[in-house]
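# Observations on the model geometry
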Amino acid sequence: MANTLPPEVAPSAPSDAIGAALRRVEDFRFLTGQGQYVGDIAYPGALHAVFVRSIHAHASIRSIDCREALATPGCVAVFTGEDMRADGVGPMRAMWAIKGPDGAPMAEPDRFALARDAVRYVGEPVAVVIAETATAAQDAAERVSIDYDVLPAQPNAADALSADAARIHDSAPGNVCFRFRRGDAKAVNAIFETAPHVVRLDIVNQRIGGAAIEPRALIAIPPRGRDKLTLYSSTQVPHHIRRLVSEQLGRSEAQMRVVAPDVGGGFGYKGKLYPEEAVLPWAALRLNRPVRWTATRSESFLSDYQARDHTTHAELAVDTDGRFLALRVRTLANVGAYVSTFGAAIPSAIYSALLAGVYATPAISVECIGVFTNTVPTDAYRGAGRPEACYVLERLADRAADELKLDRSDMRRRNLVPGTAIPYQTPIGPSYDSGDFPRLFERALAASDYAGFAARRTEAASRGCLRGIGMACFVESSGVAPSRFAGMLGARAGFYEAASVRMEPDGSIRASLGTHNHGQGHETSMAQILSARLGVPVAKIEISEGDTDQVPYGTGTFGSRSIAVGGSALALAADKIIEKGRLIAAHLLEADAGDVTFERGRYSVSGTNHAVTIGDVARAAVIPHDFPLETLEPGLQDIAVYDPKAFAFSNGFHVCEVEIDPDTGRISLCRYTAVDDIGTVINPMIATGQVHGGIAQGFGQAVLEQIVYDPASAQALSASFMDYGIPRAGDLPFFKSEFDQSQPCTHNPLGAKGCGEAGTIAAPAAITGAALDALGPLGVGALEMPLTPYRIWKAIRDARAS
């Protein structure tokens, strides 16, 4: 199967840049080894940090003996939580605080960058050793002696809620972080009492971890002269990090600079505050020397935020025709040992809002309980709440179809929100402004040759293989997020984006944004937006991100927001440039500004052949010899801030086919078709790559990935790639990816919706559904991720034995 990709052609004119599949301009830098990651930055005299991490999941700290470590050649200092306490360093705070049904705030126990008094998960930082070399720091770290009083540990959310479970935090009775409810429970319960058919399902959405090619890395540089305290970080959100670290250190944000240079993948988990991001700047201030740290891969498995870890009981009320009547969901979400940056919001406000999906379910009720355990805190990983919601809905849809003996496609077809109902107010909160779900659904079925599947299944059976087909439909709340809406649900930050645009005298453009590029191709796609708006070739446009001293205050990149929010801010800034340029052009052309039009980089006087280019205007803007300065300001630059009115609701329909070897349980992904509505597509090649990457990571969760803890000790059992599988190229077929642009977002200036998380949202549900379809004839009715060969083989064996 060939990839579906529009032909790469240069635009016929610069203003045609939107929609052209231009090659990424940044790739030359990366492919020729000229990228600059934190690890590439050489800073003379920098010290090296190594963290001493807890070897126990739950313990009191009796004492820390640093004497032998300090005697190690090259060791400069050893710091503990007591040193940070003495300097008045404050706790880490979440950026989203969830409230319960009664308005009570969530439990947010203090969390410190270096543990004070107790540790609550394996890998929690307890001390930091700083030395002249990385080797000396590692040698000294091994000589730090910590006396622990080991306490009972609990890695499982359900067990942590039991009456006899050890309390993890004194301020969190019952180990409950939050209780969150959404929807009309009374109406839902009444429907269930009389529903002709009720489908029930218990689902585990397993814990997974990120595995970006670049581990987390930091360099902290103390202030010197006019240079302020500077932190180089492999983060997705430099402004958030500056704010949160400044709060911990008790410093003004104006006294700190955060720079996120090239970053080798983020996937959400690099967009959150980590303990190390406060420890290194504080240590650099204490020692008045630069300090650097790069995580080892083993360290990453114990310290990088993890994700998912939901246990859900879901019920779907259905009438005799297979139409959904009501949905009732109860989810236990394992938040880990502490509340991380967005760790409470994802399994509550974000997850619950998507449980309507593409379906016209009249009534929905959701209860989410966040639970503390002795595990690494959970937070965002590509999708962040949306894959979990999709998985619940699509597993229920499949089960309902099986129980009512309907084709799975027909079950969905009967329940899709019709195109005529858009805009559609869901019973759970969100209002969809655009979309044509039935149209996309039929297109996906046709593109995947759903009608021809029976023949492919028969052919597979002739080879002794079991073939199944699965599908997943979803709605994604992309373009995170309307600040007002987020604030109502407990966010402690705004989610707008800012962009500045400056035209140089030679007609080139320099633009900067508060977003961050860590693989998304912003240097290309953002330039295409400006090219389309201003008529300047992409080659003459420079995009800057990542330096809090150089770019406007912004939110960063996560939640499929860069184009929908950042790109919209950029488009608005370009529009301001056009209007300012109109005044200058009118002066140059000796015309009234109202008579001057702008199109494809050219200002013209209506009804005449008098015109100047935007380059002419840019040159004149910096040489204002005859400007009427009382009414016309020199220069051609401006800034715009965009705070979305609502989410941009991307949606999609994915269909996949798998084959299973019944003798070994090995599963193979044979075909995968994705049809996505992401609104206006800026660069089809980049968007297709984003979908492909998402599918690959969704496949990883469905088939390979799982973070496992020992149930008794809460020790990590999957802390290396020997025990944690990730996809390889040979695991994946060519994907067929198509976009439908007939339903642009109605409330942002580009009509754009997010695309970066689509594949990760749909793939786990589609692949699991395909596996269950393949195994259904053998009597296998339930199977949880990851779909490992052993798990499948055992399900087949158990079904045959029953």
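A brief report on the enclosed structure follows. (Residues numbered from 1 in each chain as written. Predicted model: local features only at pLDDT ≥ 70, side-chain atom pairs only at ≥ 80, totals over all residues. Heavy atoms only, no water.)

## Topic: helix α11 (residues 386-404)
- Helix length check: α11 (19 residues) gives 27 Å between terminal C-alpha atoms against 27 Å at 1.5 Å per residue, within 8%.
- Of all 19 residues that make up α11, 15 are buried, and the element is covered over most of its length. (Helix = DSSP H or I, 4+ residues; strand = E, 2+ residues; numbered from the N terminus. Expected span 1.5 Å × (residues − 1). Buried < 20%, exposed > 50% of the residue type's maximum accessible area, 1.4 Å probe, protein only.)

## Some thoughts on helix α13 (residues 437-447)
- Residues F437, L440, F441, A444, L445 and A447 constitute the buried set of α13. Looking down the long axis of α13, one finds its buried residues gathered within 165 degrees of arc, a one-sided arrangement.
- Backbone geometry just after α13 places D449 at a positive phi near 55 degrees. (Arc of directions from axis to C-beta.)

## Here we look at the packing of helix α16 (residues 522-534) against helix α17 (residues 562-589)
- At their nearest, the axes of α16 and α17 sit 9 Å apart, and the two run at 35 degrees to each other. Of the two possible hands of crossing, α16 and α17 adopt the one that is right-handed. Where α16 abuts α17, its residues H522, S525, M526, I529, L530, R533 and L534 lie against S562, I563, G566, G567, L570, A571, A574, D575, I577 and I578.
- Counted by class, the contact of α16 with α17 contains 10 nonpolar, 5 polar and 2 charged residues. (Axes fitted to C-alpha atoms, helices over the stretch in contact; angles between N-to-C directions. Left-handed = near helix turned anticlockwise from the far one by under 90°. Contact = heavy atoms within 4.5 Å. Nonpolar A, V, L, I, M, F, W, Y, C, P; charged D, E, K, R; others polar.)

## Details of unusual backbone geometry
- The peptide bond linking V480 to A481 adopts the cis configuration, its omega dihedral lying at -5 degrees.
- Positionally, A481 belongs in the loop between β18 (466-478) and α15 (483-488).
- A cis amide bond links M785 with the next residue in sequence, P786, at an omega value of -5 degrees.
- Counting through the fold element by element, P786 comes out in the loop between α20 (758-775) and α21 (789-801).
- Notably, N175 is not glycine yet its phi reads approximately 65 degrees, a positive angle.
- Among the residues examined, N175 registers a relative accessible area of 2% and is labelled buried.
- For K405, which is not glycine, the phi torsion reads 55 degrees and is therefore positive.
- Along the chain, K405 turns up in the loop between α11 and α12 (408-415).

## Some remarks on the sheet that holds strand β1 (residues 47-53)
- A sheet is described by the order of its strands in space; here 7 strands give the open sequence β3-β5-β1-β12-β9-β10-β11, paired in mixed fashion. The open sheet terminates on both sides in strands that have one partner only, identified here as β3 (75-80) and β11 (256-259). Going from strand to strand, the sheet's axes swing by 20 degrees on average, the running direction of each strand aside.
- The pairing of strand β9 (residues 217-221) with strand β10 (residues 229-233) spans 4 bridges and is classified as antiparallel. Of the residues in β10, the one forming a bridge with I219 is Y232.
- Strands β1, β3 and β5 (125-131) of the sheet are contacted by helix α4 (residues 134-141), whose axis makes an angle of about 25 degrees with β1.
- Running at roughly 145 degrees to β11, helix α7 (residues 238-249) makes contact with β10 and β11 of the sheet. (Pairing = 2+ DSSP bridges.)

## Thoughts on the packing of aromatic side chains
- For the structure shown, the criterion picks out 22 aromatic pairs.
- The interplanar angle of 70 degrees and the centroid separation of 5.3 Å between the aromatic rings of F324 and Y359 together place this pair among those described as edge-to-face. Here F324 is found in strand β14 (residues 324-336), whereas its partner Y359 is found in the loop between α10 (346-353) and β15 (363-372), with 35 residues between them in sequence.
- The exposure class of F324 is buried, given its relative accessible area of 6%.
- Judged by its relative accessible area of 1%, Y359 is buried.
- Ring pairs connect the aromatic residues Y424, Y432, F437, F485, F647 and F649, which therefore count as one cluster.
- Positioned over the ring face of Y274 is R216, at 3.7 Å from the centre of the ring.
- Sitting over the face of the ring of F558, K272 holds its NZ or CZ atom 5.2 Å from the ring centroid. (Phe/Tyr/Trp six-rings, centres within 6.5 Å; stacked < 30°, edge-to-face > 60°. Lys NZ or Arg CZ within 6 Å of the ring centre and 35° of its normal.)

## Here we look at the pattern of salt bridges
- Per the counting criterion, the structure on display carries 57 salt bridges.
- Taking the shortest distance from any N to any O, the salt bridge between E214 and K270 comes out at 3.4 Å. Here the residue E214 occupies a position in the loop between β8 (197-209) and β9, and K270 occupies one in the loop between β11 and α8 (276-287), the gap between them amounting to 56 residues. Exposure class is identical for E214 and K270. Each is buried.
- The residue R412 makes a salt bridge to D398 at a minimum N-O spacing of 2.8 Å. With R412 in helix α12 and D398 in helix α11, the pair connects residues that are 14 residues apart, well separated along the chain. Take R412 and D398: they sit in the same class, and that class is buried.
- The structure contains a network of salt bridges with shared partners spanning D449, R456, E459, R463, R467, E657, E659 and R671. (Salt bridge = Lys/Arg side-chain N within 4 Å of Asp/Glu carboxyl O.)

## Remarks on the side chain of H58
- Relative to the helices and strands, H58 is located in the loop between β1 and β2 (59-65).
- A polar atom in the side chain of H58 sits 2.7 Å from the backbone oxygen of P152.
- Beyond its immediate sequence surroundings of up to four residues, H58 is in contact with V119, R120, V150, L151, P152, A153, R167, I168 and N374. (Polar contact = N/O pair within 3.5 Å; in protein donor to acceptor, adjacent residues only side chain to side chain.)

## So, the packing of α10 against α11
- Following both chains from N to C, one finds α10 and α11 inclined at 55 degrees, their axes separated by 8 Å at the closest point. If you check the angle between α10 and α11, you find them oblique. As α10 packs across α11, the resulting crossing turns out to be right-handed. Side by side, α10 and α11 meet where I346, I350 and Y351 of the first sit next to R386, E388, A389 and V392 of the second.
- When grouped by side-chain class, the residues that make up the contact of α10 with α11 number 5 nonpolar, no polar and 2 charged. (Parallel < 35°, antiparallel > 145°, perpendicular 65-115°, else oblique.)

## Some thoughts on the nonpolar core
- Grouped together as the largest cluster of nonpolar side chains are 170 residues, with contacts concentrated most on Y672 and I767.
- A per-element tally of this core places α20 first, with 12 residues.
- Formed by 52 residues, the second largest nonpolar core is a distinct cluster that contains V538, V617, A648 and I682. (Core = buried A, V, L, I, M, F, W, Y, C linked by side-chain atoms within 4.5 Å.)

## Digging into the pairing of β5
- The element β5 is extensively covered by neighbouring structure, given that 7 of its 7 residues are classed as buried.
- Pairing of β3 with β5, which is carried by 5 bridges, proceeds in the antiparallel orientation. Residue pairing for β5: F79 is matched across the bridge by V128.

## Re the sheet that holds strand β6 (residues 145-150)
- Read across the open sheet, the 3 strands follow the order β4-β2-β6; overall the sheet is antiparallel. Among the strands making up the open sheet, the edge pair consists of β4 (118-119) and β6.
- Here 2 bridges tie β2 to β4, and the two strands are oriented antiparallel to one another. Bridged to S60 within β4 is A118.

## Points about the pairing of strand β26 (residues 648-660)
- Across the 13 residues of β26, 13 count as buried, placing the element largely inside the fold.
- Where burial is concerned, the two faces of β26 agree: the one with A648, S650, G652, H654, C656, V658 and I660 and the one with F649, N651, F653, V655, E657 and E659 are both buried.
- Judged from the 13 bridges that link them, β18 and β26 form a sheet pairing that is antiparallel. Directly across from L466, in β26, lies its bridge partner I660.
- Pairing analysis gives 10 bridges linking β26 to strand β27 (residues 667-677), with the strands arranged antiparallel. Note that in β27 the partner of E659 across the bridge is S668.
- Here β26 hands over to β27 after 6 residues, with G665 in that stretch at a positive phi of 80 degrees.

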